[in-house]
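# Observations on the model geometry
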Amino acid sequence: MEKLKSHFAAGSFLRSIAVLATGTAVAQVLTILAYPILMRLFDPRDFGLFALLGAIVMTVVVMASGRYELAIVLERTEKGAVNVLALSLLVTVGAAVLTGVVLGVFGGALMRLFGTEELQGLLPLLPLSVLVFASYQVICYWSVREKTYG
């Protein structure tokens, strides 16, 4: 309890919240500012395909690390946290490889089944996207544990 009181008293907790909130707000503002430029470069159909691809990638990303990254912050020892980090990244690589195999074998049939043949050319990017985004999530949890998100 004393540690918790000193944590609040030092102001580091509020400072950490401010850093995270400011980063989120800046990212949202930059996104809003980019919309007028993007709307001139791409038509609504392209935005729809991009949203569909993003939805597919993010659905797989949620499952890709097995949600082990949540345990990185909760682990009591540094050694345990490093082991959970390694496990999360290993499961992520396995999920990306499995995604590549599934798409290599069934990708065309899945695209026809869902009527999204326009995404056929982007299928090779899906496993790479899963690997990058899921690894990023794992590393973000590590940075929260280490308090290096500033």
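All chains use their own residue numbering, which begins from 1 and follows the written sequence. In keeping with the model being predicted, local features are shown solely for residues with a pLDDT of at least 70 and side-chain atom pairs are shown and tallied solely at 80 or more, while totals for entire chains, interfaces and linings include all residues. Just so you know, side-chain values use all the structure's heavy atoms and leave hydrogens and water out.

## So, unusual backbone geometry
- Not every positive phi belongs to a glycine, and arginine 67 is a case in point at roughly 60°.
- Looking at the secondary structure, you find arginine 67 in the loop between helix H3 (44–64) and helix H4 (69–74).
- Relative accessibility decides the category of a residue: with a 1.4 Å probe and only protein chains considered, values under 20% of the type maximum give buried, values over 50% give exposed, and everything between is partly exposed. The exposure class assigned to arginine 67 is partly exposed, which follows from its relative accessible area of 34%.
- The phi dihedral of lysine 147 is positive, around 55°, even though this residue is not glycine. To qualify as a helix, a DSSP run of H or I must reach at least 4 residues; to qualify as a strand, a run of E must reach at least 2; elements of each kind are numbered from the N terminus.

## Quick word on the environment of leucine 119
- With respect to the helices and strands, the residue leucine 119 is situated in the loop between helix H5 (78–114) and helix H6 (125–146).
- Using a relative accessible area of 2% as the deciding quantity, one classes leucine 119 as buried.
- Sequence spacing of leucine 119 and leucine 49 is 70 residues, and the spatial spacing of their C-alpha atoms is 7.3 Å.
- With sequence-adjacent residues up to four places away left out, leucine 119 is seen in contact with Leu49, Leu52, Leu53, Ile56 and Met111. Contact between two residues is taken to exist if any of their heavy atoms lie within 4.5 Å; hydrogens are not considered.

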